[in-house]
Amino acid sequence: MSTELKKALYNISALADLGQAITSENNFHEKIQSVLYVITGTFLANKGALLFYDKPTNKLNTLAQKGFAPADLDRLNPEELMSLGRNESYLIGDDPVLTVAGAEILAPLWVRDEFIGALLLSGKLTVGPYTLEDLELLNVIANQIAIALNNHSLFLDLSDKLEENRRLYEEMRHIYHGTLQAFAAAIDAKDAYTKNHSHRVAKYSAAIARELGWNEHEIEGMYVAGYLHDVGKLAISNTLLNKVTPFTPEEREEIRKHSTLSHSITAKIKFPWKNVEDMVWHHHERLDGRGYPEALAQESLSDGVRILSLADSFDAMTSQRPYREKMDVQSAIGELRKNLESQFDHKVMLVFCKVLDKEIKGELPEPDILPHLDRDSDLSVISTLLEGIIVELSTP
Amino acid sequence: MKSVQFSVASRREGDAAIIYPKGYLNNLSGENLVIECGIYIGKGITKIVVNFSETDLINSIGISMLLQIIEDLRNIKGTICCTNMSKLLRDTFEMLGLMQHMLVFPVESDALTYLKTGKL
Ligand SMILES: [Fe+2]
Ligand SMILES: [Fe+2]
């Protein structure tokens, strides 16, 4: 794995750590302390401070800090900070007004039109100045912290902990998804033919999970697994992924490593969802035990794995690949049908057919699968085919 | 991923202290590591060996704790040695450029020999 990739993973993990810190069961003080540690750990800073703006007194209160002299922090003027960009981290350099606190980086925290406070960092341990990527990552973090702090002050008014946690969680979801999407785009960009593959697999898998009656949290986890299932391909050469001629047995082996790589990468990230790493690891397993990487028996395959496997195969079949044309939707469904029990799960297939049929019939307000299907598809033919399979699979 | 409750043990050998973090270094309980080192530093110890044999997972919070210890020791011109690190840990430290700020030894006894004799 390249250093850049490792660094990217570390940063993604840091965002996950941040989410964990903000949404944890800890009290506010502990949360803020953890958040500060995540930030100083991510940016290797010996000094860090989180300041909260108290409107009635027009003062900045220190919520958590390490390394700064308290008197220096008191010398910061909130009005000066408000005139800077919102949630845009700022390299202080020799700015005469801002150097007073002895910080090197400053991010003013805003939520919409509300000034919330500021985040200060200084004393990078390792050589080299803060980079543009550092600043960009800090912008993302600043946004999240601003929201969390703002919610906290709202929370003080409302005094409704459950509601606050729910909202925090909502906000966190956005950041996860933003980050994951960026990551998925990096995966899909490696291979021109799999453009948006991860995105579609995430959508299809989540749609199936929802139809199966999973709760929102579980659906979220399914979605994330869909996004990341092929993340291990980042470590496989572009030339191999984009090869037009059939793979040699050695090349096939190499490609097949991607699901194990996906597992080792995701296992390093502390997700708030269960089993993401298991799902990505086993998305190429089969019910007949002839899949890879572990050739697991069907008892060992979770519903999540079964969903991901079907969604992945359906999208693979209906997308163009360097070595073959894409299949039309009917043929792909026929292919799934043909491989029931050997490769795909009966129940998952039934639910997939049901949800797609509902989408075609306009029964679902926000279709997840339909918008991605070939525009030339004959929907009435597909619907008839699906109805047939639904009847067949529903009868015991 | 489940969390393992983090704890710290330590012992003294000659003029060095050996610290044994145990469990995942990924939440506030990691502060105990900084506190434990602080106690020895307060007693005038300047050589600290951290034996990572029972810690194979560290996140940004844990890194922050480690930075604190590095900084505390730097202020008193002390030495930090890290030993028994998993590959994951070593890779992480390397990627973050932390290796320049510590001495790394495969096992604890190597670090102690070095601290005693000044050579490997
Ligand atoms: Fe795959
Ligand atoms: Fe895939």
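Residues numbered from 1 in each chain as written. Chains lettered and ligands numbered in written order. Predicted model: local features only at pLDDT ≥ 70, side-chain atom pairs only at ≥ 80, totals over all residues. Heavy atoms only, no water.

Considerations on the packing of helix H13 (residues 329–338) of chain A against helix H14 (residues 346–360) of chain A
All names here are of chain A.
Item 1. At a closest axis distance of 11 Å, the pairing of H13 and H14 adopts a crossing angle of 160 degrees. Taken together, the axes of H13 and H14 lie roughly antiparallel to each other. For the pair H13 and H14, the sense of crossing is left-handed. Judged by residue contacts, Ile-333, Leu-336 and Arg-337 of H13 engage Met-349, Phe-352 and Leu-356 from H14. (Axes fitted to C-alpha atoms, helices over the stretch in contact; angles between N-to-C directions. Helix = DSSP H or I, 4+ residues; strand = E, 2+ residues; numbered from the N terminus. Parallel < 35°, antiparallel > 145°, perpendicular 65-115°, else oblique. Left-handed = near helix turned anticlockwise from the far one by under 90°. Contact = heavy atoms within 4.5 Å.)

Brief notes about the coordination of the iron ion (ligand 2)
Residues and elements named next belong to chain A.
Item 1. Every protein donor of the iron ion (ligand 2) is accounted for by His-197 (NE2), His-229 (NE2), Asp-230 (OD) and Asp-312 (OD), and the metal-donor separations fall at 2.2 to 2.4 Å.
Item 2. One can describe the donor arrangement at the iron ion (ligand 2) as irregular, given that its 4 donor atoms subtend angles of 73 to 167 degrees at the metal.
Item 3. Going along the chain, you hit the donors of the iron ion (ligand 2) in the pattern H-x31-H-D-x81-D.
Item 4. Between the iron ion (ligand 2) and the iron ion (ligand 1), a spacing of 3.4 Å is present, and a bridge between the two is formed by Asp-230.
Item 5. Residue classification places His-229 among the buried residues on the basis of a relative accessible area of 0%. (Donors = N, O, S within 2.8 Å, 3.2 Å for Na, K, Ca; no water. Tetrahedral: all angles 85-135°; square planar, octahedral: opposite > 155°, others 65-115°. Buried < 20%, exposed > 50% of the residue type's maximum accessible area, 1.4 Å probe, protein only.)

Describing the packing of aromatic side chains
Item 1. Taken as a whole and assessed by the stated rule, the structure comprises 7 aromatic pairs over all chains.
Item 2. Ring geometry for B:Phe105 versus B:Tyr114: centroids 5.5 Å apart, planes at 40 degrees, classification tilted.
Item 3. A relative accessible area of 7% means that B:Phe105 is categorised as buried.
Item 4. Residue classification places B:Tyr114 among the partly exposed residues on the basis of a relative accessible area of 26%.
Item 5. In textbook terms, an aromatic cluster arises when at least three aromatic residues are bridged by ring pairs, as seen for A:Tyr53, A:Trp110 and A:Phe115.
Item 6. Seen from the ring of B:Tyr40, B:Lys43 lies directly overhead, with NZ or CZ sitting 5.4 Å from the centre. (Phe/Tyr/Trp six-rings, centres within 6.5 Å; stacked < 30°, edge-to-face > 60°. Lys NZ or Arg CZ within 6 Å of the ring centre and 35° of its normal.)

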